[in-house]
Each structure stands twice: as C-alpha cells, then as structure tokens.
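Given next are the chains, with one letter for each unit.
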Amino acid sequence: MKEVKEPKGAKEPKESKVLKQVHPWRRVKLHPAKRVCIAILAAMMALTLAACSGGSGSNGQEANGDQPPEKLTNLTYWVQMVSQVSATLKSYNEIEAYKELESVTGVKVDFQHPPEGQQAKEQFNLMLTSDKLPDVIEYSWTSYPGGPEKAIKDGKIIRLNELIDQHAPNLKKVLEEHPEWKKEIMTDEGSIYAFPFIRSHDRLKVFLGPTIRQDWLDKLNLEMPTTIDEWYAVLKAFKENDMNGNGKADEIPLYLAKGDVDASTAFLGAFGINAGFYQEGGTVKYGPTDPRFKEFLTLMNKWYQEGLLDRDFATTDAKLLEAKITGGQIGAAVLYTGSGIGNYNTLMKDKDPNFHLVAAPYPVMNKGDKQIWGYKDFAYTGIGAAITTSNKNPVETVKWLDYAYSEEGTLLFNFGKEGVSYTMENGKPVFKPEVLNNPSGLPLIQSMSQHNRATFSGPFMLDIRFDEQYTTSPDQLKSKEIWAEPTLELKLPRTTPNSEESSRYASIMNDINTFKDEMYLKFIMGQEPLDNFDKYVKTIEGMGLQEAIGIQQNALERYNQR
C-alpha cells in the first residue's frame, strides 16, 4: 500500500489520509470593513455547514444535539472474536490489517470482544438495555428480535441510506454495480442498516457438503456413490470390512448430525425438500411436515438400526468428531472445505499416509436426477457493522467504514499489509511464504488471521484471489465444483419478517423447532414409531404452522418488491 507523503517543508499537523481535517485560516491584517464582511461570510458558511452535516437520524441529522462532529480519532467497536484469532491474539487491534488501518486513517479503535458462543448473544442483549452503546456493533442483525428495521425504530442503530449516498463513495459504487447485493442488505422498508460482509464471487458461497474417504472406496474397488441406493451399498461395505484394519468393528460409516440436515440438506435433498421453509412457484412450503420427510426419516431410521450412522450423533461435539475422524473411524461426514477436507488431510499426512478425504456429490434418488438441494450461502450473510445512536461522529465513522470497500481496503482486509504478509506480483496480491507456511507451525487459518479478516467475516468484500490461495489443494478446489452442482431453485431468498410479524413468528417457530428437533431424534433412534408421523404433523400444525407459512409468504412477496 502506497504511503501518502506530505509535501516537503510542510509544517501542518499530521492529518488522516482518509478523514481530512480543515486547518484554520492564517492571521493577516485586514481593513475593518473587510473584517466585518468576512465575519458575516463565516457565519453564513457555519450555518450552511450545520444544515448540511450528516448524523445518526434517518434523515442524516446529527445524533447529539446541535454540537458539530469532532474529528474522528477514536472508535469503540463491539464484535465477537473468532477462534482462529483468539488462538494467537488477544484483540483485533493486534491484527496487522487494523494496525495499518489506524496508520492510514488516524483512527484508533477500542475493540470490545464478548465471550464466544451463547454468552456473546446474552451480552449483546444485555448491552442493548444500556443508554450508552459502543460506536459500532458488528452482529448478525437479521437475527435481531423484530429484524434490523426494528433495531432502527428502537433507537439502537441508525439508518444509513443517506449517509452512504453522501459519504461512502466506495460502498455506493459497489451497490450500484450489484443491485442484487443491495436488495439483500436492505430491509423490506428500504433501510440499509449495516456495512455488510459480501462474498463477491459465486465460488465463495460454497464451502460445505458431503465428504467421503476416497482411500476406503479405493480399497474396496468401489465407485463414488451418487444415489441413495449407491450410498447404502457403500456404507454397508464400510461397516462390514474393517476399513481401519484394527480388528475391531468400530467403523462409523456415516456421521450425520441434525445440524447437517438443516444446513446442507445432505441426503434429505434427494427427496426434493429441505428441513425448513422453501418455495415452489412462488408459494412457501415447509419441508418437515411433507410426506417425503417421513420417507427420509424412515431411511435414516433403517441406517441407524443397521449401524451405518454414528450411534452417538446426537451428543457428539466438534472435538469428539475430530477424534473419531483422526482415529480412523468415520467413513463419511458433512464437513467444510478448509477445516474439514484441508485440515484432516493435513493432520493425517504422517499418521496415515493413505488417508484421503474428498468431496462427494449431493446424492439424488435416481441416476440422472437433477441435484436441487445443497449448501450455498447468500452474497450477504446477514453480518454487518452498524453505527449506533450513541455514536457522536456518524459521518466520519461512515467514511472510516467505507475505506474497506475501496481497492486499498479490499487488499488490506483480504491480505493484510503489503510487504508484511503479501507482495504484488504481476498485478496480483500473493501471500508471502512465511504466511502460507508459518515458521512456528501454525495452521494456515491461524497464520492468515494474524494479518487479515478474510478467514471469517467483517464489513468488507471477500476477494476470490484470497480464496485461490487459501483453498490451494486440488481436493479443496474440486470440492467447490462438486458442491456447487445443486440448482437451489427452491431456496427462499433472505426474507425478513417485519417488526409486527417478528415476535409472533419467533414465538411460533421456537416451539415448532424445539418439538421438530426432539421428534427428529426420536424417529431416527426408534424411540418414536414412524407410524406416529401424522400425529407429529398435526401437533406442528396446531402450534401455528399455517400462520408462520403466511408470514413467510408475505415476507417473500415483500422481498420480491424491494
């Protein structure tokens, strides 16, 4: 990143290269009449500037009375710290990108990191009860009770449309060039409420799907399974042939947790439905009460009874899953590209040179069927940095956040500081060898996270050039092609219930999801007879399902009108 140098002999105070400050007029001797004219002119300019200055209100008015904004030098910023950063750093302040951002903008950020997991949500809810909020809150605002529009109406965060239009030329240009992204980051009422994390390329939206031990397939001379029947045959073979060679019948052919069904619709997608709401011809439907969901449960119950599914799938956590995979027990599972395929193939390189985990296609029912369901995220994840009503410098904060969407900011957040973590080669940013192969032996994800934010999310645009260096192995790159096959033509867009519907919708779906998840486990494990499926459906319908479908239908129609 090129440094903006001061002219030789300049005596003015050092100023922000992004957020410029106005220097006072030099004192000169003037005729009294001219002094009066200048005084009047100055007063008129002050009034004009006051009228034009932006603020935190929905119409750009100042958030804190009539006091003009001060030059931005400090920000308080609330954001949950991810594990790949906390593994080696204490704060996002220590990330090389933020060190450089402070140098470039002159703005020092005080990051406030809540505990990870459920405690972060609890702290978020507690924080919002206070009259004094951090200047910026980075959060999944689509999960705010009542939706992000309600957060604006509650007086917690500010509407950004006018501020972006007037003071964020980089993000404004991005949204003008990609109206579909703008549609995703707006509420039904048309409000933009946060500076978004955007995946700028289709390939960046695909990173999760079915995986299988290719070396086990090779050992048994089996082809990659593509249909439900082929999967059944492969899993049976894994179960019966002591694949890890330890003389024990401890193989787990398939690990498939409830969350895998919800997220990726692995195996369920072969039945033409998903585990939640979807649309057919513009009409919203609900998968878990469809008769095809019973067919899926019947299949999973059969596989469970035959020992093809992990007997402990309901209680296995991430650490136990890793122990089972690296212990040579699991033949197939739903995993991520980086932390799954890349991570385990690296971990097992010395322990078991034959270990080879690869992506598998989302299964279909019959040969030649079109893959409809899989996992592909939206360009906008719902995570973004919102400016709170406590912020005394909303205009300057908008300018600070907008830097991330410039060419320089995109490089900074994706690659870190030029010369430290990457160099430009033939016009392309290339990570330095010590980042890709950390001298201390850090995993790639932790090594990169010391320099950038591209391994997780944030208010910036993820760059495909980062991913091309992060997912470098042929197996990882191939996984994105394989998992991108489903059409997802029935998937709902990122709809949001309005503030009036939201609390009712949340109340209905909390009850339904709790009951659905409980019965899902019981049906698969045989604790509940599948003959009771109709009773299960009637129970869910009695909880207000049709009302929830109606709310989703209204939300879909509003989304289509954005």
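Residues numbered from 1 in each chain as written. Predicted model: local features only at pLDDT ≥ 70, side-chain atom pairs only at ≥ 80, totals over all residues. Heavy atoms only, no water.

An unreviewed UniProt entry lists the chain under the name Family 1 extracellular solute-binding protein, with Paenibacillus dendritiformis C454 as the source organism.

Examining the confidence of the model for the chain
In this model, the chain carries a mean pLDDT of 87, and residues with pLDDT of at least 70 account for 87%. Here residues 1-66 is a poorly scored stretch, pLDDT under 50, and it has 64 contacts once near neighbours within four places are set aside; other chains count. (pLDDT = per-residue confidence, 0-100. Contact = heavy atoms within 4.5 Å.)

Quick look at the pattern of salt bridges
Overall, the coordinates contain 31 salt bridges when judged by the stated rule. In this structure, Arg159 and Glu162 form a salt bridge, with 3.5 Å as the shortest nitrogen-oxygen distance. Judged by relative accessible area, Arg159 falls into the buried class, the value being 19%. Asp377 serves as the salt-bridge partner of Arg494, at 3.7 Å between the closest nitrogen and oxygen. Of this pair, Arg494 sits in the loop between helix H20 (474-483) and helix H21 (499-525) while Asp377 sits in the loop between strand E9 (357-359) and strand E10 (380-387), and the two are 117 residues apart along the sequence. (Salt bridge = Lys/Arg side-chain N within 4 Å of Asp/Glu carboxyl O. Buried < 20%, exposed > 50% of the residue type's maximum accessible area, 1.4 Å probe, protein only. Helix = DSSP H or I, 4+ residues; strand = E, 2+ residues; numbered from the N terminus.)

A word on the packing of helix H13 (residues 318-326) against helix H14 (residues 337-351)
The contact between H13 and H14 brings their axes to 11 Å, and the two run at 45°. Between H13 and H14, the crossing angle belongs to the class labelled oblique. In this structure, H13 crosses over H14, and the sense of that crossing is right-handed. Facing H13, whose interface residues are Glu322, Ile325 and Thr326, H14 presents Tyr344, Leu347, Met348 and Lys351. Residue composition of the contact of H13 with H14, grouped by class: four nonpolar, one polar and two charged. (Axes fitted to C-alpha atoms, helices over the stretch in contact; angles between N-to-C directions. Parallel < 35°, antiparallel > 145°, perpendicular 65-115°, else oblique. Left-handed = near helix turned anticlockwise from the far one by under 90°. Nonpolar A, V, L, I, M, F, W, Y, C, P; charged D, E, K, R; others polar.)

Considering the nonpolar core
Formed by 82 residues in total, the largest nonpolar core has its most connected members in Phe267, Phe277, Phe296 and Trp303. If near-sequence neighbours (up to four positions away) are discounted, Phe277 is found in contact with Val284, Lys285, Tyr286, Leu492, Tyr505, Met509, Leu545, Ala548, Ile549 and Gln552. Formed by 75 residues, the second largest nonpolar core is a distinct cluster that contains Leu75, Trp181, Phe195 and Phe413. (Core = buried A, V, L, I, M, F, W, Y, C linked by side-chain atoms within 4.5 Å.)

Topic: the pairing of E10
For E10, the buried fraction is high: seven of the eight residues fall into the buried class. Across five bridges, the pairing between strand E3 (residues 136-140) and E10 is antiparallel. When the bridges of E10 are listed, Tyr139 appears paired with Gly384. Alignment of strand E4 (residues 195-199) against E10, held across three bridges, turns out to be antiparallel. Bridge assignment links Ile198 to a residue of E10, and that residue is Tyr380. (Pairing = 2+ DSSP bridges.)

So, the side chain of Ser502
Structurally, the position occupied by Ser502 is in helix H21. For Ser502, a relative accessible area of 11% gives the class buried. Non-local contacts of Ser502, meaning those with residues more than four positions away in its chain, are made with Pro145, Gly146, Gly147 and Pro497.

What about unusual backbone geometry?
Even without glycine at this site, Phe267 takes up a positive phi of about 70°. As for its position among the elements, Phe267 is in the loop between helix H11 (258-264) and strand E6 (277-280). Residue Phe267 is classed as buried on the basis of its relative accessible area, which comes to 2%. The phi angle at Asn426 is positive, at roughly 55°, despite the residue not being glycine. One can find Asn426 in the loop between strand E11 (422-425) and strand E12 (428-431).

Things to note about the environment of Gln552
By the element assignment, Gln552 lies in helix H23 (residues 545-560). The exposure class assigned to Gln552 is buried, which follows from its relative accessible area of 8%. Once the C-alpha coordinates of Gln552 and Leu492 are considered, the two residues, 60 residues apart in sequence, prove to be 9.3 Å apart. Those residues in contact with Gln552 that sit more than four places away from it in its chain are Phe277, Val284, Leu492, Thr495 and Tyr505. A distance of 3.1 Å separates a polar atom in the side chain of Gln552 from a polar atom in the side chain of Thr495. (Polar contact = N/O pair within 3.5 Å; in protein donor to acceptor, adjacent residues only side chain to side chain.)

Regarding the sheet that holds E9
With antiparallel pairing, three strands are arranged side by side in an open sheet as E8-E5-E9. In this open sheet, the two strands that pair with only one neighbour each are strand E8 (332-336) and E9. Direction aside, neighbouring strands of the sheet carry axes that sit 45° apart on average. Bridge count between strand E5 (residues 208-213) and E9: three bridges; the pairing is antiparallel. In the strand pairing of E9, Arg213 is matched with Leu357. Strand contacts of helix H10 (residues 228-240): E5 and E8, with the helix running at about 45° to E5, the strand carrying the most contacts.

So, the packing of aromatic side chains
Pairs of aromatic rings are described using the distance from one ring centre to the other and the angle between the two planes. Inspection of the entire model under this criterion finds 35 aromatic pairs. Between Phe207 and Tyr375, the aromatic rings sit 5.4 Å apart at their centres with planes inclined by 65°, giving edge-to-face as the arrangement. Note that Phe207 is positioned in the loop between E4 and E5 and Tyr375 in the loop between E9 and E10, a separation of 168 residues in sequence. For Phe207, a relative accessible area of 18% corresponds to the buried category. Since its relative accessible area comes to 17%, Tyr375 is described here as buried. (Phe/Tyr/Trp six-rings, centres within 6.5 Å; stacked < 30°, edge-to-face > 60°.)

What to know about H21
Along its 27 residues, H21 runs 39 Å from first to last C-alpha, staying within 8% of the 39 Å computed at 1.5 Å per residue. Within two residues after H21, Gly526 carries a phi angle of roughly 85°, on the positive side. (Expected span 1.5 Å × (residues − 1).)

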